[in-house]
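The lines below spell out each chain.
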Amino acid sequence: MVLAYRNDEDVLQARLGSLIENRHAEVTGIRPEIRNTYSRRVARAVAGGVASLGGLAMFLGGGIWVAHSRSWLGSPPSPSDGHLTALLLGSVAAAALSYLPARLIAYHEFDRALSHGLSLSGKVRVDLVRLERAQPRRIAAEILARAEPWGASLPLIAVALLGPLLLHLLVWIGFTGGGAALRLGAFDAWIGLTAPMAGLAHLVLAFRAAVYGQKLKATSTDDLRRSPSDFGWRSVLSTAVAGLIPGAILVLIPPALIFVTGLLIVPFSFYSMSRVVVAERDLVAELAE
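Residues numbered from 1 in each chain as written. Predicted model: local features only at pLDDT ≥ 70, side-chain atom pairs only at ≥ 80, totals over all residues. Heavy atoms only, no water.

### Description of the overall build of the chain
Where we set the bar: The secondary structure listing takes helices from DSSP runs of H or I that are at least 4 residues long and strands from runs of E that are at least 2 residues long, numbered from the N terminus. For every residue, the accessible area (1.4 Å probe, protein chains only) is compared with the maximum for its type, and the residue is labelled buried under 20%, exposed over 50%, or partly exposed between those bounds. By definition in these notes, contact holds between two residues if any of their heavy atoms fall within 4.5 Å.
The helix and strand inventory of the chain stands at ten helices and zero strands. The secondary structure elements of the chain, listed N-terminal to C-terminal, are α-α-α-α-α-α-α-α-α-α. Here the chain holds 289 residues, and 43% of them are scored as buried. Contacts spanning at least 24 positions in sequence make up 85% of the contacts within the chain whose residues lie at least 6 apart.

### Some thoughts on the side chain of Arg 41
Our working definition: Pairs of N or O atoms are called polar contacts if they sit within 3.5 Å, as long as, within protein, a hydrogen donor faces a hydrogen acceptor (for residues adjacent in sequence, only side-chain-to-side-chain pairs).
Examined against the element boundaries, Arg 41 turns out to sit in helix α2 (residues 32-69). A polar side-chain atom of Arg 41 sits 2.8 Å from the main-chain carbonyl oxygen of Leu 144. Here Glu 148 takes part through its side chain, which lies 3.2 Å from a polar atom of the side chain of Arg 41. Among residues more than four places away in sequence, those in contact with Arg 41 are Leu 144, Ala 145, Ala 147, Glu 148, Gly 151, Glu 280 and Arg 281.

### Overview of the pattern of salt bridges
Just so we agree on the cut-off: Definition used for salt bridges: Asp or Glu carboxyl oxygen within 4 Å of a side-chain nitrogen of Lys or Arg.
Tallied over the full model, the rule gives eight salt bridges. A salt bridge links Arg 40 to Glu 280, with the nearest nitrogen and oxygen atoms 4.0 Å apart. Of this pair, Arg 40 sits in helix α2 while Glu 280 sits in helix α10 (residues 253-288); the two residues are 240 residues apart in sequence, bridging distant segments of the chain. Here Arg 40 falls in the partly exposed class, since its relative accessible area comes to 23%. The salt bridge partner of Arg 225 is Asp 282, with a shortest N-O separation of 2.5 Å. Residue Arg 225 is found in helix α7 (residues 221-226), and its partner Asp 282 is found in helix α10; the two are separated by 57 residues along the sequence. Classification of Arg 225 by relative accessible area gives partly exposed; the value is 33%. Asp 282 sits in the partly exposed class, given a relative accessible area of 34%. Bridged by salt links that share partners, the residues Arg 40, Arg 41, Arg 44, Glu 148, Glu 280 and Arg 281 form one connected network.

### Observations regarding the nonpolar core
The condition is simple: Here, nonpolar core means buried Ala, Val, Leu, Ile, Met, Phe, Trp, Tyr and Cys residues that are tied together by side-chain atoms lying within 4.5 Å of each other.
Ranked by size, the top nonpolar core spans 35 residues in total, and within it Met 58, Leu 88, Ile 191, Tyr 212 and Phe 270 carry the most contacts. Mapped onto this core, the elements with two or more residues apiece are α2, α3 (83-117), α5 (136-176), α6 (188-215), α8 (230-242) and α10. The biggest single contributor to this core is α5, with ten residues. In this view, Ile 191 contacts Met 58, Leu 84, Thr 85, Leu 88 and Leu 165; residues no more than four positions away in its chain are not counted. Ranked by size, the runner-up nonpolar core spans 13 residues in total, among them Ile 30, Ile 34, Tyr 38 and Ile 143.

### Focus: the confidence of the model for the chain
Put simply, the rule is: Residue-level confidence of the predictor is summarised by pLDDT, bounded by 0 at the bottom and 100 at the top.
Taken as a whole, the chain shows an average pLDDT of 80; of its residues, 72% reach a score of 70 or greater. The low-confidence segment residues 1-5, where pLDDT is below 50, has zero contacts with residues more than four positions distant or belonging to other chains.

### Here we look at the packing of α2 against α5
Stated precisely, the cut-off is as follows: Axis definition: a line fitted to C-alpha atoms, over the contacting stretch in the case of helices. Angles run 0 to 180 degrees between N-to-C directions. Should the near helix be turned anticlockwise from the far one by less than a right angle, the crossing is left-handed, and should it be turned clockwise, the crossing is right-handed. Classes in brief: Ala, Val, Leu, Ile, Met, Phe, Trp, Tyr, Cys and Pro nonpolar; Asp, Glu, Lys and Arg charged; the others, Gly included, polar.
Where α2 meets α5, the closest approach of the two axes is 7 Å, and the angle between their N-to-C directions is 35 degrees. Note on packing geometry: the crossing formed by α2 with α5 is left-handed. Of the residues in the contact of α2 with α5, the class split is 20 nonpolar, six polar and three charged.

### Some points on the layout of surface pockets
Basically, it comes down to this: For each structure, a 1 Å grid was placed over the protein atoms alone; sets of points admitting a 1.4 Å probe that cannot get out are labelled cavities, open sets with protein on both sides within 12 Å along at least five of seven lines are labelled pockets, and lining residues have an atom within 4 Å of a point. Grid points are joined across faces, edges and corners, and a volume is the space filled by probe spheres set on the points.
Computed from the structure, the second largest pocket encloses a volume of approximately 220 Å³. Looking at the second largest pocket, it is lined by 14 residues, and the ones nearest its centre are Ala 51, Ala 95, Pro 155, Ala 158 and Val 159. The set of elements that each furnish at least two residues to the lining of the second largest pocket consists of α2, α3 and α5. The biggest single contributor to the lining of the second largest pocket is α5, with six residues. Tallied by class, the residues present in the lining of the second largest pocket amount to eleven nonpolar, two polar and one charged.

### Some details on a nonpolar patch on the surface
Which entries qualify depends on this criterion: Residues form patches when they are more than 30% accessible in relative terms and have no salt bridge. Like charges link within 9 Å. Nonpolar side chains (Val, Leu, Ile, Met, Phe, Trp, Tyr) link within 5 Å. For accessible areas, the Shrake-Rupley method is used with a probe of radius 1.4 Å. Any residue's cover is judged against the shown protein chains and nothing else.
Taken together, Trp 233, Leu 237, Phe 259, Val 260, Leu 263 and Leu 264 make up a surface patch of nonpolar side chains, about 580 Å² in accessible area. Elements that contribute at least two residues to the nonpolar patch include exactly α8 and α10. In this fold, Trp 233 is placed in helix α8.

Structure below.
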């Protein structure tokens, strides 16, 4: 009986060794493009998260400043030292600087995540069952799928918080002359007023961006390909309605400005992200064949 048990263990150990070699070969055979797709998704999420945090800090700072100075449309806050405008531009710069390091780290993290799915417990029978179920291609697909919603929604949230003000800043510089770029503190007043007047609209648009990322899980590639900007157009309407509070109570200009700015930014941003997701899904499907 003991001999039979040992022979059985030897057979199981041999099967396990062969399975380990096969699984490692499958991991090695995963194309670099798969790792690149994962690293791009993670890097977009990191950069978008950094920019979003900066945008939230900017709005919070603007709201506190306006509340402290008791300023409103009748008496807008006077130009400050430019901290809010610096935070606006710094958020964009920080996001750009974080993209490449995040992508490099994510590229190598992909292999670590794959290896974790193929980790061994030291018990032959347990490890055999685990490795037979652990298909590297399936694990890779799950890792990619988990990164997709964040890689799509966080950049769009950043656009929702920063994009309109960046557009306004460019228009402001254009109308006031290039020399205004040296006096960016004057733009702080506009950021400060935006916090109470359009803050809700920015938050609604950010929420719509988060919803978009979650809806990707249940949205087919064909549906995205047919209507890449539908969610963006609906988000414009949601944002415009949110702009009525408190804009319509005080003056109609803020809601109108929110709607026009949304038309210039929102559909294009959602369209572009949908096209990126479609391209990544097509690449992954092609490589999986």
